[in-house]
Amino acid sequence: MGSLTVSPPVALAPLAGITDLPFRQLVSSFGAGWVVSEMVASQEMVQAKPGVRERAELGFDQSGTSVQIAGREGKWMAEAARMIEANGAALIDINMGCPAKKVTNGYSGSALLKTPDHALSLIEAVVQAVDIPVTLKTRLGWDHDFLNAADVAKRAEDAGIQLVTIHGRTRCQFYKGSADWAAIRAIKEAVSIPVIANGDIVDATTAKEALIQSGADGVMIGRGAQGKPWMIAQVAAELFGTPAPELPKGKELIAMVCDHYEAMLRFYGEELGGKVSRKHLGWYMDDANTSPALRKAILTSRSSKEVLRMLPDALTYETEVAA
């Protein structure tokens with residue numbers, strides 16, 4: 001992408017409330033092509049609304065970092081892009097795929113697929129505001145009667161977008177049904193920039209099939225990395241021959257989870273960090289087959305010391321049962 005090369009072409013997708021700084025850093029530590037922040041509302045970021053800039057924090061000076069912005073006005077998106085670039089981010093991603101009603105009702109996210117001329121004006125505003133590469137994430141279209149992603153992608157390429165990620169669903173599908181990877185091929189054939197396939201890709205098997213059906217250059221994984229921060233690197237190793245990550249087990253897994261938990265406490269503060277961490281701890285305990293009673297005790301505890309005391313038992317429960 002311009003003067004920037006990211007490798008391997010396997011990325012962590014932006015997930016609201018999940019891909020915060022602590023999780024992105026953990027995923028990056030295993031070896032990801034690049035990671036993308038939670039979606040950041042452009043105007044709120046510029047106006048320094050509480051919590052918004054924190055979502056964009058990525059360790060800006062690190063390589064392979066992208067901050068995703070959303071909005072409906074070019075001036076705010078351009079200004080947010082300039083701020084992000086000034087902080088040292090490597091990439092900026094424009095969100096035209098979020099299906100949430102609170103986003104689309106504000107004429108942002110995937111609602112922009114209904115107004116491609118306006119969408120193009122936002123893309124042009126961001127691209128012209130910065131020198132770093134700008135990418136685009138969108139869907140196949142608003143609904144199955146309005147599948148215009150190929151046209152939007154081509155116009156975006158002409159405006160300076162250097163990579164496009166396509167979620168293989170329409171906005172009106174939200175996350176129902178199955179992602180149509182084959183439909184992404186039309187976008188790949190319409191542009192010369194890299195195309196990344198997204199949607200229902202959770203492991204190397206689904207990633208390989210998505211690449212075959214779509215003809216895409218790479219994949220973006222979201223839910224498949226929940227509780228498995230090594231999944232991005234694992235898929236990259238199996239599909240693109242990069243070094244395989246060492247999967248943490250036993251004491252190494254316990255140490256990783258405890259470090260992730262403490263990183264969330266530092267980032268958000270003790271009270272909020274304790275709440276935010278629950279979803280991540282829950283996913284880790286899903287894989288460990290933690291007993292229901294111990295799981296409940298950890299997820300309802302308000303004491304970080306107690307959580308840290310209980311986690312080793314929770315994460316070794318599977319081994320004890322097997323023995």
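Up top is the structure.
Residues numbered from 1 in each chain as written. Predicted model: local features only at pLDDT ≥ 70, side-chain atom pairs only at ≥ 80, totals over all residues. Heavy atoms only, no water.

Visitor: Tell me about empty space enclosed by the protein, and name the residues and values.
Guide: If you walk through the whole model with that rule in mind, you get one cavity of 30 Å³ or more. Approximately 40 Å³ is the volume attributed to the largest cavity. For the lining of the largest cavity, the leading source of residues is helix α6 (residues 116-129), giving four residues. Broken down by class, the residue content of the lining of the largest cavity amounts to five nonpolar, no polar and one charged. (1 Å grid on protein atoms, 1.4 Å probe; cavity = no way out; pocket = protein on both sides within 12 Å on 5 of 7 lines; lining within 4 Å. Points joined across faces, edges and corners; volume = space filled by probe spheres on them. Helix = DSSP H or I, 4+ residues; strand = E, 2+ residues; numbered from the N terminus. Nonpolar A, V, L, I, M, F, W, Y, C, P; charged D, E, K, R; others polar.)

Visitor: Give me the lowdown on the packing of aromatic side chains, citing residues and values where you can.
Guide: With the rule as written, the count across this model stands at two aromatic pairs. Between F267 and Y268, the ring centres sit 4.8 Å apart and the planes meet at 85°, which makes this aromatic pair edge-to-face. (Phe/Tyr/Trp six-rings, centres within 6.5 Å; stacked < 30°, edge-to-face > 60°.)

Visitor: Now, about unusual backbone geometry: what can you tell me, with residues and values included?
Guide: In this structure, the amide linkage connecting S7 to the following residue, P8, adopts the cis form with an omega of 0°. Its place among the elements puts P8 in the segment before β1 (10-12). One non-glycine residue with positive phi stands out, namely F174, at about 50°. Note that F174 resides in the loop between β7 (164-167) and α8 (185-190). Even without being glycine, N289 reaches a positive phi, approximately 55°. Within the secondary structure, N289 sits in the loop between α12 (270-288) and α13 (292-300).

Visitor: A description of the nonpolar core should follow, citing residues and the corresponding values.
Guide: If you look at the biggest cluster of nonpolar residues, it comprises 66 residues, and the most contacted ones within it are I94, M96, I123, L136 and I161. Take this core: its biggest share by element is eight residues, from α6. Beyond its immediate chain neighbours, meaning those up to four positions away, I94 contacts Q68, I69, M77, I123, V126, V134, T135, L136, K137 and I161. (Core = buried A, V, L, I, M, F, W, Y, C linked by side-chain atoms within 4.5 Å. Buried < 20%, exposed > 50% of the residue type's maximum accessible area, 1.4 Å probe, protein only. Contact = heavy atoms within 4.5 Å.)

Visitor: Describe the packing of helix α4 (residues 74-86) against α6, naming the residues involved and giving the relevant values.
Guide: Two quantities define a packed helix pair, namely the angle between the helix axes and the distance between the axes. As a packed pair, α4 and α6 sit with axes 8 Å apart at the nearest point and diverge in direction by 30°. When the axes of α4 and α6 are compared, the pair comes out roughly parallel. As α4 packs across α6, the resulting crossing turns out to be right-handed. Where α4 abuts α6, its residues G74, M77, A78, A81, R82 and E85 lie against L122, A125, V126 and A129. (Axes fitted to C-alpha atoms, helices over the stretch in contact; angles between N-to-C directions. Parallel < 35°, antiparallel > 145°, perpendicular 65-115°, else oblique. Left-handed = near helix turned anticlockwise from the far one by under 90°.)

Visitor: Could you give an account of the side chain of S108, with specific residues and numbers?
Guide: Take S108: it is sitting in the loop between α5 (101-104) and α6. The class of S108 is buried, set by a relative accessible area of 10%.

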